[in-house]
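Breakdown of the fold
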Amino acid sequence: MQGVCETPGVSEMSSLMNAWSVCRCCECLRCCGRRDPRPRSVWLGHPEKREQRYPRNVINNQKYNFFTFLPGVLFNQFKYFFNLYFLLLACSQFVVEMRLGALYTYWVPLGFVLAVTMIREAAEELRCYMRDKEVNSQIYSKLTARGTVKVKSSNIQVGDLIIVEKNQRVPADMIFLRTSEKNGSCFLRTDQLDGETDWKLRLPVTCTQRLPTASDLLQIRSYVYAEEPNIDIHNFVGTFTREDSDPPVNESLSIENTLWASTVIASGTVVGVVLYTGRELRSVMNTSNPRSKIGLFDLEVNCLTKILFGALVVVSLVMVALQHFAGRWYLQIIRFLLLFSNIIPISLRVNLDMGKIVYSWVIRRDSKIPGTVVRSSTIPEQLGRISYLLTDKTGTLTQNEMVFKRLHLGTVAYGLDSMDEVQSHIFSIYTQQAQDPPAVKGLSLATKVRRSMSSRVHEAVKAIALCHNVTPVYESNGVTDQAEAERHYEDSCRVYQASSPDEVALVQWTESVGLTLVGRDQSSVQLRSPGGHILNFTILQIFPFTYESKRMGIIVRDESTGEITFYMKGADVVMAGIVQYNDWLEEECGNMAREGLRVLVVAKKSLTEEQYQDFEARYVQAKLSVHDRSLKVATVIESLEMEMELLCLTGVEDQLQTDVRPTLETLRNAGIKVWMLTGDKLETATCTAKNAHLVTRTQDIHIFRLVSNTHRPCLKGPRPWDRRAVRSQLFSSRVFLFFCPNFLPQVFISVTAALTQCAAFLFVFCPAGDGGNDVSMIQEADCGVGVEGKAVFSSVFYFASVPLYQGFLIIGYSTIYTMFPVFSLVLDKDVKSEVAMLYPELYKDLLKGRPLSYKTFLIWVLISIYQGSIIMYGALLLFESEFVHIVAISFTSLILTELLMVALTIQTWHWLMIVAELLSLSCYIASLVFLHEFIDVYFIATLSFLWKVTVITLVSCLPLYVLKYLRRRFSPPSYSKLTS
């Protein structure tokens, strides 16, 4: 299933849902008895001056603690009918009138099952605890009045001044105060916070960055006023105040000045002051509490257990009815339910849990997927039931490596094959400036046109070279900022650092055509012309890109001329209303997007000194505002964003992963439907889907767009529930999803439900990634083998509610007599792994869920009734004079039938399967010495016993072997030809 909705992904959705999420967090805090979050004033280096009590800086990802482990595990086990059923059975034996045997016959198997579950849960909790402990025990340097001291992450407090080295995790939410980088900034890796691989540029507080040394932070009297804790990782409102200066210094703080926990410093060494810790961290507030997951397989088993229980109730009622409801008939019903309870085998729960553990272990040790970590051992079988695969576009289907493809000036466009012309224009401009010839009146028309075009190209390239957040870094032999290399701007030592590969691609392109970015810090930019001259520009203001604005801007002053210019670039949807009127922008943006290019619109505006000074005064005032800062700042910036001159369009392309096409083809053949998630423009996402072969040539494309942006929007496009759309791709624009959850929930649900019937859907909603292997499902025998009928005895002996097998026989059947062979089925394979990967169509059989379908379940029930009847009536017909002989014959036949039925279901034998069969048989034979209370030991050593058991076992199993052979002969499974 594949289709497209244009949104900027998780980041924008986080902003859209921020208000609701903050309210939800506040309500949760009140429900838990905690205080409401409040703004705070944090003094630098003085945690003792805190206004309120803050949580410890401890990371805890565990589901349970010491006190909640036992009740939590028990609740998660008994909230499902399968486990609750056995608990009620065991508890019923405390009532004398309901007791059928010794208490241990019910409590020992149940205790064993719970012990296995608790051991598994405890192991996972221990692994989680060790991971948390490793994070909480990381050592950091803290600035104090006594100097630099070492401190554990868990002991960091609000107000501490923490030093974080390059490639070190940020331990708490902090304000960026100082950096060792000469350019006065640093980059963060935020992939563990927001899932984005692009680096983020962060700027320190100007006042503290100017201090001579880091220790001077403790000598000034300053504090940070910060907003209350919330989940918005893309915005921050605060102020920095220094009181001991004259006059006092006030600086506004925004997201650019923050260092959120779980990010990693990518450049230099930084110093920050801690604002939030523990459960008030942005990363923690964006994380839901761990929960116990249950797979589809367990839900199906739980459902079938209910069906079996319903059958037990019916049979019990029939038994009592045949006695004409005589005496205390209601107790008889309960006794019959207890008597027939083994029809639902408790050993199944053990086998399922142990099978999951084995599958998890196999996944971890798979050499084809090295480094795989199984976080939950409760749902590994889900990998065999994947129907929909959600994949991010950028970085998953594509390499997230951008290549500059197109420069469009409106009247002319330059592609990769004509970049030499752009280079020629740039050279001519700087050559002309160097020669500075006097004006000549007799210039030809061709020369004037040439100079006019060169000027347009130059303005566009210069705007691209200046409007970005890229920082050139000079490296030599692995050492950053080599003085000699930086002094001479050596090209071979230069590396570009940026928060987006798009930015790097643009700057690399300007370098290729002759205008090179050679230096940058917080206040200046240096470009090198084709002739080797250094062009200096002063950075007056920077307006960073945000997911709300979808654009970025910069105001610079050319040091050679004194001219002030405002450059801006952004998405066409916002820039169309900012630039001067033109008749080609929308059409060309669409054309470039249909080619799979990411399009940016570049514009500029010249400012006089008076205009800039007026703007700066209003801008600084808006940034110092605590309430509605974002709105006030945006209003001031928008006053400049009018009637800007459109310079050019740029187009960059993200390269596809080398193996994406065969991978998607494999998934399609396996019956897995793919949803592509992206925040790109609709046309770009469509083109990428076609290039990746996510959309085939035989499939149509339907586009859903919003007709009106009123409070009652309607959709334009085909009805998705139309049967004719089943073999089509459905593409949905951004506005559709933005409005539907709020105003048209029923339409949204209807469309989403219809999309599940489509071949593909490119869903531009929120980035996510997932992958799966073709892991073999547990064989149907895991459910069917344990459902051998044993209650036939009651119907023969006058419908008496007394058990045939008592004491250890019941426990042994549920555990050591049958568990090992059934468990060994996890080693079974329909086909070899190599064949499964070569023919992904085989995966479709798993998606149908036939091993646990109602048809399969009914077949096993009928087999159970047949075998139970043969075993019981055979023992009655062949026993001699004593009741104990019935037990010996029937129980031995039952064990042998169980072992043979396991062998019947095996597709590919493994030596451990043979060991399991022999081990179970040996355990039964060895235990006969201790079972003289239930079985006549001398009788089982006679020839009469042996031939009777052999006959009963053959009659119960041989017909099934014949049917299996005939079925394989005349109706072979789909994989049989591949294994022959």
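The present account deals with the structure reproduced in this document. (Residues numbered from 1 in each chain as written. Predicted model: local features only at pLDDT ≥ 70, side-chain atom pairs only at ≥ 80, totals over all residues. Heavy atoms only, no water.)

In this section: the overall build of the protein. Helix and strand counts for the protein come out as 35 helices and 31 strands. For the protein, contacts bridging at least 24 residues in sequence account for 74% of all contacts bridging at least 6. As displayed, the protein has an accessible area near 46,800 Å², and 58% of this comes from carbon and sulfur atoms. (Helix = DSSP H or I, 4+ residues; strand = E, 2+ residues; numbered from the N terminus. Contact = heavy atoms within 4.5 Å. Areas by Shrake-Rupley, 256 points an atom, 1.4 Å probe, with all protein chains shown as cover.)

Another point: the pattern of salt bridges. Taken as a whole, this structure holds 19 salt bridges when the rule is applied. Of the charged contacts in the structure, one is a salt bridge between Arg242 and Asp244, with a shortest N-O distance of 2.7 Å. Classification of Arg242 by relative accessible area gives buried; the value is 19%. Measuring nitrogen to oxygen at the nearest pair gives 3.1 Å for the salt bridge that ties Arg494 to Glu511. With a gap of 17 residues between them, Arg494 in strand 19 (residues 494–497) and Glu511 in helix 16 (residues 501–512) connect regions that are remote in the sequence. Looking at Glu511, the relative accessible area reads 27%, which means it is partly exposed. Residues participating in the shared-partner salt-bridge network are Lys63, Arg120 and Glu121. (Salt bridge = Lys/Arg side-chain N within 4 Å of Asp/Glu carboxyl O. Buried < 20%, exposed > 50% of the residue type's maximum accessible area, 1.4 Å probe, protein only.)

Turning our attention to the packing of helix 4 (residues 81–92) against helix 5 (residues 104–136). Any two packed helices are characterised by how steeply their axes cross, that is the angle between the axes, and by the distance between the axes. One way to put it is that helix 4 packs onto helix 5 with a least axis distance of 8 Å and a crossing angle of 145°. Of the two possible hands of crossing, helix 4 and helix 5 adopt the one that is left-handed. On helix 5, the residues touching Phe86, Leu87, Leu89, Ala90 and Cys91 of helix 4 are Tyr106, Trp107 and Leu110. (Axes fitted to C-alpha atoms, helices over the stretch in contact; angles between N-to-C directions. Left-handed = near helix turned anticlockwise from the far one by under 90°.)

Contact geometry for helix 19 (residues 609–623) and helix 20 (residues 629–638): axes closest at 8 Å, N-to-C directions at 170°. Here helix 19 is positioned roughly antiparallel relative to helix 20, judged by the angle of their axes. The residues of helix 20 that touch helix 19, namely those facing Phe615, Arg618, Tyr619, Ala622 and Lys623, are Arg629, Lys632, Val633, Val636 and Ile637. Of the residues that constitute the contact of helix 19 with helix 20, the class distribution is six nonpolar, no polar and four charged. (Parallel < 35°, antiparallel > 145°, perpendicular 65-115°, else oblique. Nonpolar A, V, L, I, M, F, W, Y, C, P; charged D, E, K, R; others polar.)

The strands that make up a sheet pair up through hydrogen bonds in the backbone, lying either parallel or antiparallel. A sheet is described by the order of its strands in space; here three strands give the open sequence 7-6-12, paired in antiparallel fashion. Two strands close off the open sheet at either side, each with one partner strand: strand 7 (199–202) and strand 12 (264–265). As paired strands, strand 6 (residues 186–189) and strand 7 are joined by four bridges and run antiparallel to one another. From the neighbouring strand, Cys186 faces strand 7, where its bridge partner is Arg202. (Pairing = 2+ DSSP bridges.)

Turning next to the nonpolar core. Residues Leu407, Leu409, Val422, Val457, Val461, Trp509 and Leu527 are the most contacted members of the largest nonpolar core, which totals 42 residues. Elements represented by at least two residues in this core include exactly strand 15 (398–408), helix 13 (419–435), helix 14 (445–466), helix 16, strand 21 (524–528), strand 22 (534–543), strand 23 (551–558) and strand 26 (645–656). Take this core: its biggest share by element is eight residues, from helix 14. Not counting chain neighbours up to four residues away, the residues in contact with Val461 comprise Val422, Ile426, Trp509, Thr510, Val513 and Leu515. In this structure, Phe82, Leu339, Ile344 and Val350 belong to the second largest nonpolar core, which totals 36 residues. (Core = buried A, V, L, I, M, F, W, Y, C linked by side-chain atoms within 4.5 Å.)

Given two aromatic rings, their pairing is described by the distance between the two centres and the angle made by the two planes. Under the definition given, this model contains 18 aromatic pairs. Residues Phe94 and Trp107 carry aromatic rings whose centres are separated by 5.7 Å and whose planes lie at 50° to one another, so their mutual orientation is tilted. On the criterion of sequence distance, the pair formed by Phe94 in the loop between helix 4 and helix 5 and Trp107 in helix 5 is long-range, its members being 13 residues apart. Under the relative-accessibility criterion, Trp107 is labelled partly exposed at 30%. With 5.8 Å between their ring centres and 90° between their planes, Phe543 and Phe566 make a pair best called edge-to-face. With a gap of 23 residues between them, Phe543 in strand 22 and Phe566 in strand 24 (residues 564–570) connect regions that are remote in the sequence. Since its relative accessible area comes to 5%, Phe543 is described here as buried. Over the ring of Trp43 we find Lys49; its NZ or CZ atom is 4.8 Å from the centre of that ring. Note that Arg969 overlies the ring of Phe970, its terminal NZ or CZ placed 5.7 Å from the centroid. (Phe/Tyr/Trp six-rings, centres within 6.5 Å; stacked < 30°, edge-to-face > 60°. Lys NZ or Arg CZ within 6 Å of the ring centre and 35° of its normal.)

Glancing now at helix 20. Among the residues making up helix 20, those that are buried are Arg629, Val633, Val636 and Ile637. Projected down its long axis, helix 20 shows its buried positions confined to an angular sector of 100°, all on one face. Looking at the buried positions of helix 20, the neighbouring elements they touch are strand 9 (238–242), strand 10 (249–253), strand 22 and helix 19. (Arc of directions from axis to C-beta.)

On to the sheet that holds strand 20 (residues 516–520), then. With antiparallel pairing, nine strands are arranged side by side in an open sheet as 16-15-26-25-24-23-22-21-20. Each of the sheet's edge strands pairs with one partner strand only, and the pair in question is strand 16 (413–414) and strand 20. Where strand 22 lies against strand 23, six bridges are found, and the strand directions are antiparallel. When the sheet's bridge partners are listed, Gln541 is paired in strand 23 with Ile555. Along the sheet face, helix 16 touches strand 15, strand 20, strand 23, strand 24, strand 25 (598–607) and strand 26 and points at about 45° away from the line of strand 15. Across the sheet, helix 19 lies against strand 22, strand 23, strand 24 and strand 25, angled at about 40° from strand 22, the strand it touches most.

Before going further, it helps to spend a moment on the pairing of strand 6. For strand 6 and strand 12, the ladder comprises two bridges, and the chain directions are antiparallel. In the strand pairing of strand 12, Arg189 is matched with Val264.

Looking now at the pairing of strand 10. Sheet analysis places strand 9 next to strand 10, joined by five bridges and oriented antiparallel. Residue pairing across strands places Thr239 opposite Ser252, the latter belonging to strand 10. Two successive antiparallel strands, strand 9 and strand 10, enclose a turn made up of six residues.

Attention now moves to unusual backbone geometry. Glycine aside, residues mostly have negative phi, and peptide bonds are mostly found in the trans state. Backbone geometry places Lys550, a non-glycine residue, at a positive phi of 60°. The topology assignment puts Lys550 in the loop between strand 22 and strand 23.

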